[in-house]
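The chain contents come next:
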Amino acid sequence: MNKETPQQINQRYQYWRIHLMFVMYIGYAGFYFTRKSFNYAVPALISDLGIDKNDIGMMTTAFYITYGISKFLSGMFSDRTNPRYFMAIGLFFSGVINIFFGLSSSLFVFMSLWILNAWFQGWGWPACSKLLTTWYSRTERGAWWSVWNTAHNVGGALIPLIIGYVTLHYSWRYGFIIAGIITLFIALFLALRLRGSPESLGLPSIGQWRKDQLELIQEQEGKDLCWQQILYRYVLLNKYIWLLALSYTLVYIVRTAINDWGNIYLTEKYHYDLVSANSVISLFEIGGILGSLVAGWGSDKLFSSNRGPMALLFAIGIFFSILALWLMVQEKFILQSAVFFSIGFFVFGPQMLIGMAAAECSHKKLAGTATGFIGLFAYLGAALSGYPLAIIMQHFHWNGFFVVISCCAFLIALLLLPFLKAQN
């Protein structure tokens with residue numbers, strides 16, 4: 001029986017929630033560090049070893065597909081384990097693989113290691129989603145989740161600087177080795193400083209502590225069901241999870257298409273130099289930080305923790321931002337920078353809200369599985385924005401590119417319409 005006073009419980013809860021957010025933030029940025037190290041070392045890799053661009057494309061596609069599958073399967077496994085060790089072990093092996101990558105020279109070894117890295121990369125997101133749903137309640141989760149979600153963007157902004165500097169002054173091998181060593185230390189930090197759930201520290205559940213009615217209802221749902229029954233009822237046969245999965249596929253087609261093809265569009269269409277094009281693309285990530293924060297805060301404060309209306313507004317914003325980029329016929333650096341910022345702002349809103357909605361539409365014990373399941377579809381979308389989109393551009397040029405991503409943005413909005421009231 002817990003003999004602590006309410007004040008002592010409050011103090012412990014407040015300490016651990018801030019502490020865990022800090023640790024998760026550093027931890028997920030570490031995952032991003034050992035995931036994107038490849039992207040920023042590729043030019044040096046090609047010139048040093050003479051690897052063909054098609055081989056690079058195959059490695060990228062294999063990574064996305066394996067990562068998506070891992071998110072789902074690892075999500076199921078992580079829900080039945082302690083996220084503290086699950087996340088730390090995944091990051092540890094990802095760091096080791098990066099070190100071995102830096103020591104290798106064979107294409108076969110590169111391919112094998114990067115597929116293996118994709119598998120362990122899938123151990124980060126489900127563990128974080130479980131921690132976010134057990135330590136933060138429904139009425140406040142939007143703001144907390146949105147802060148954590150900016151770890152993507154901070155990692156995305158810092159990695160090119162660090163990897164680029166090391167690769168330029170030393171070699172791409174040191175870029176991978178240093179990224180790996182840094183994440184080994186972060187993995188140790190995660191193992192020491194994460195905590196699985198409030199109950200593991202003798203605290204009441206988050207729903208009881210916050211007296212959050214929606215959270216308490218979700219905590220009580222399906223208590224008499226076994227794990228397999230919960231999986232079928234709350235994930236595999238849940239129509240809302242399927243709608244979120246399909247909309248997530250489309251969000252990732254748009255996000256990855258803009259991120260991966262944006263600088264090529266600017267250099268080909270408007271003859272930007274690479275530095276100017278990349279600086280415009282960096283505003284996509286900066287817009288994403290602001291968009292995540294506004295989306296999370298807005299869903300909590302403006303729509304009573306219903307993620308649907310906010311996600312729908314952001315999806316409409318994606319559609320009109322893409323149209324603005326498409327219809328801009330002349331080189332206008334300031335305006336094009338503003339539009340990339342705007343697309344990042346609107347894309348990262350649904351990217352964060354859909355993941356959170358999946359955890360909330362599912363069972364309390366299956367937050368990792370539910371978010372991992374839609375994550376599988378997200379990275380199928382990311383894979384579609386690679387080679388298939390390249391084929392479309394080969395036949396229909398940049399107009400084909402914009403028709404596809406505009407249609408995706410429109411369909412995201414349609415798929416989110418049922419969520420206007422679903423989460424109430």
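Everything below is about the structure printed above this text.
Procedures and definitions
- Residues numbered from 1 in each chain as written.
- Predicted model: local features only at pLDDT ≥ 70, side-chain atom pairs only at ≥ 80, totals over all residues.
- Heavy atoms only, no water.
- Helix = DSSP H or I, 4+ residues; strand = E, 2+ residues; numbered from the N terminus.
- Rg over C-alpha atoms; globule rule 2.2 N^0.38 Å.
- Contact = heavy atoms within 4.5 Å.
- Areas by Shrake-Rupley, 256 points an atom, 1.4 Å probe, with all protein chains shown as cover.
- 1 Å grid on protein atoms, 1.4 Å probe; cavity = no way out; pocket = protein on both sides within 12 Å on 5 of 7 lines; lining within 4 Å.
- Points joined across faces, edges and corners; volume = space filled by probe spheres on them.
- Nonpolar A, V, L, I, M, F, W, Y, C, P; charged D, E, K, R; others polar.
- Expected span 1.5 Å × (residues − 1).
- Buried < 20%, exposed > 50% of the residue type's maximum accessible area, 1.4 Å probe, protein only.

A. View of the overall build of the protein. Helix and strand content of the protein: 17 helices and zero strands. Rg of the C-alpha trace for the protein: 21 Å, near the compact-globule value of 22 Å for 424 residues, within the 12% margin. A fraction of 83% describes how many contacts in the protein between residues 6 or more apart in sequence connect residues 24 or more apart. Working note: accessible area of the protein is about 17800 Å², and carbon and sulfur atoms make up 69% of it.

B. Fine view of the side chain of Arg-35. Mapped onto the secondary structure, Arg-35 falls in helix α1 (residues 6–49). Once residues lying within four places of it in the same chain are set aside, the contact partners of Arg-35 are Tyr-28, Phe-63, Tyr-67, Trp-114, Asn-117, Gln-121 and Tyr-379.

C. Geometry of empty space enclosed by the protein. Scanning the model with the defined rule gives four cavities of 30 Å³ or more in all. Reported here for the second largest cavity is a volume of approximately 40 Å³. Leu-244, Arg-307, Gly-308, Ala-311 and Ala-357 are the residues nearest the centre of the second largest cavity, which is lined by ten residues in total. At the level of elements, α13 (307–327) and α14 (333–361) are the ones that each hand at least two residues to the lining of the second largest cavity. Split into classes, the residues belonging to the lining of the second largest cavity amount to seven nonpolar, two polar and one charged.

D. Local environment of the layout of surface pockets. Size it by volume and the second largest pocket reaches roughly 370 Å³. Taken together, 17 residues make up the lining of the second largest pocket; nearest its centre are Thr-134, Glu-199, Glu-219, Lys-364 and Lys-365. Secondary-structure elements contributing two or more residues to the lining of the second largest pocket are α5 (124–135), α8 (206–210) and α9 (213–220). Its residues assigned to classes, the lining of the second largest pocket shows three nonpolar, six polar and eight charged.

E. Fine view of α5. In this model, α5 (twelve residues) spans 17 Å end to end at C-alpha, consistent with the 16 Å of a helix rising 1.5 Å per residue. Counting buried residues along α5, twelve of its twelve residues qualify, which places the element largely inside the surrounding structure. Among the residues making up α5, those that are buried are Gly-124, Trp-125, Pro-126, Ala-127, Cys-128, Ser-129, Lys-130, Leu-131, Leu-132, Thr-133, Thr-134 and Trp-135.

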